[in-house]
Amino acid sequence: MSAPVFSTLGCRLNAYETEAMKELAASAGLQGAVIVNTCAVTAEAVRKAKQEIRKLARENPGAAMIVTGCAAQTEPETFAVMPEVTRVIGNSEKMQAETWRTLRAPDLIGVTEKIMVDDIMSVKETAGHLIDGFGRHRAYVQVQNGCDHRCTFCIIPYGRGNSRSVPAGVVVEQIKRLVDKGFAEVVLTGVDLTSWGADLPAAPRLGDLVLRILRLVPDLARLRISSIDSIEVDPALMQAIATESRLMPHLHLSLQAGDDMILKRMKRRHLRDNAIAFCEEARRLRPDMIFGADIIAGFPTETDAMFDNSLRLIADCDLTFLHVFPFSPRKGTPAARMPQLQGPVIKDRAARLRGAGEQALQRHLISQIGQSHRVLVESANMGRTEQFTEVRFETPQPEGRIVQANIAGADRAHLVGEPFA
Ligand code: SF4
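Residues numbered from 1 in each chain as written. Predicted model: local features only at pLDDT ≥ 70, side-chain atom pairs only at ≥ 80, totals over all residues. Heavy atoms only, no water.

Enquirer: I'm lost on the overall build of the chain in this one. Help?
Expert: On a plain count of helices and strands, the chain comes out with 14 helices and 18 strands. The C-alpha atoms of the chain give a radius of gyration of 22 Å, which matches the 22 Å a tight globule of 421 residues would have. Counting only C-alpha atoms and orienting by the principal axes, one finds that the chain spans roughly 60 × 55 × 50 Å. Here the chain, with 421 residues, has 55% of them falling under the buried criterion. Sequence separation of at least 24 residues holds for 73% of the intrachain contacts in the chain that already meet a minimum separation of 6. For the chain, the accessible area works out to roughly 17,700 Å², and carbon and sulfur atoms hold 53% of it. Side chains of the chain carry 51 positive and 50 negative charges; the gap between the two charge centres is 2 Å. (Helix = DSSP H or I, 4+ residues; strand = E, 2+ residues; numbered from the N terminus. Rg over C-alpha atoms; globule rule 2.2 N^0.38 Å. Buried < 20%, exposed > 50% of the residue type's maximum accessible area, 1.4 Å probe, protein only. Contact = heavy atoms within 4.5 Å. Areas by Shrake-Rupley, 256 points an atom, 1.4 Å probe, with all protein chains shown as cover. Lys, Arg positive; Asp, Glu negative; His and termini not counted. Charge placed at Lys NZ, Arg CZ, Asp CG, Glu CD.)

What follows is the structure in structure tokens.
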């Protein structure tokens, strides 16, 4: 029988957990199985999960089909009724070695027994599973899971449970392991990263963790932070932004909207001016800082004027990498019960945001021509700068290594680099 096939949908946290599941499945000796690690952030994500399951079932006849991840956690029946599916595993169960031992030799059984999904809100600990590798040259490290907030549009807390932190010592150990394996860059990831530490003794903050990692792992070349809530950034993190050159000058902000009334209806913790003030301060401390952001288009009750406030935020915060999400009502969330906008309006606003995002990226790319950058090579002809900007090389470069490059040009989505001779 063949080794298990893994498919990962969704976020970096899922990508990290897939690496952990690969190791758990291998130690349990699991064979002849397909594992799909799903996402539930939008209805579209759930549709894609079902599509992926059907495709992989066709490609792997006779293999057991195991579905896990946030969509499996929030709507297990949706997958249990699919004839292709053998087991539906919860987000906590997927990280337990015992689960993989029981999966070793599955028999075809009835729908209900297929479901192994516990109440995720009862989970208090993060699964301190240390991984030894990552299927790419940038390693994601989970430092936090779950979320205590309840933004009105978001289903994630119901898929991931309440916020819980990985102790700093475990995180440092994990990163040392990856650096010993030759990883030049590590990305701290979680669901609500800025709440890291709130459940640990003495309630340390994310900035304390960043400073501790950089102090205790001097051989780590590049530390990156994935998505953060700018209103929850602590003073130690601002200090690290200002003083630590190994902390990458790139922050992805969970902004969601640029209008105060919409932010209130989303139950976000910040207002428009807070976001602008944060970007100005971070850029004052670190002039080469680059921002990415998540913005939702067409949130219920959003008027033209409110949407214009989101559109103007791109320039007001000087955002470069825009992730645009057309609003998608998630069953069970308060926003799904609010008066919805028409589909074409949502689509048009998403297109206008994306258009403005592309222009912002173009401005950034052109501004880099003639500069030189340290680029982490991810595949023979492609890498990323410290600001996370994509660079293409004409000639193959050493994968996993950081090379110095002159920026000779730019095209629609990336820079053209020439490595130093
Ligand atoms: S902070 Fe809000 S958007 Fe983010 S995971 Fe928590 S509830 Fe969802």
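On we go from here.
Enquirer: Which parts of the structure should I look at to understand the site of the ligand?
Expert: Close contacts around the ligand come from Cys147, His149, Cys151, Phe153, Cys154, Ile156, Pro157, Val191, Arg268 and Arg269, and that covers them all. Class assignment for the residues of the shell around the ligand results in 7 nonpolar, 1 polar and 2 charged. (Near = heavy atom within 4 Å. Nonpolar A, V, L, I, M, F, W, Y, C, P; charged D, E, K, R; others polar.)

Enquirer: Would you take a moment to explain the sheet that holds strand β15 (residues 382-384) for this structure?
Expert: Hydrogen bonding along the main chain pairs the strands of a sheet, whether they run parallel or antiparallel. Around the barrel, 5 strands lie side by side as β14-β15-β16-β18-β17; this closed barrel has mixed pairing. Shown here is a sheet whose adjacent strand axes are inclined to one another by a mean of 50°, direction ignored. Of the strand pairs in this sheet, strand β14 (residues 372-379) and strand β17 (residues 402-410) are connected by 5 bridges, and their pairing is antiparallel. Across the sheet, Arg374 pairs through a bridge with Gln404, a residue of β17. (Pairing = 2+ DSSP bridges. Axes fitted to C-alpha atoms, helices over the stretch in contact; angles between N-to-C directions.)

Enquirer: Help me understand the sheet that holds strand β11 (residues 250-256), please; the structure alone is not making it clear to me.
Expert: Spatially, β11-β12-β13 is the arrangement adopted by the 3 strands of the open sheet, whose pairing is parallel. Only two strands of the sheet have a single neighbouring strand rather than two, namely β11 and β13 (319-326). Taken over all neighbouring pairs, the strand axes of this sheet differ in orientation by 20° on average, direction set aside. Summarising the sheet, strand β12 (residues 290-297) and β13 pair through 7 bridges and their orientation is parallel. Bridge pairing in β13 links Ile295 to Val324. Of the strands in this sheet, β11 and β12 touch helix α12 (residues 272-285), which is tilted by about 165° from β12.

Enquirer: Just to check I follow, could you spell out unusual backbone geometry for this structure?
Expert: Peptide bonds are mostly trans, and most non-glycine residues show a negative phi. For Thr301, which is not glycine, the phi dihedral falls at a positive 75°. By secondary structure assignment, the location of Thr301 is in the loop between β12 and α13 (304-316). For Asp318, which is not a glycine, the phi torsion comes out positive at approximately 55°.

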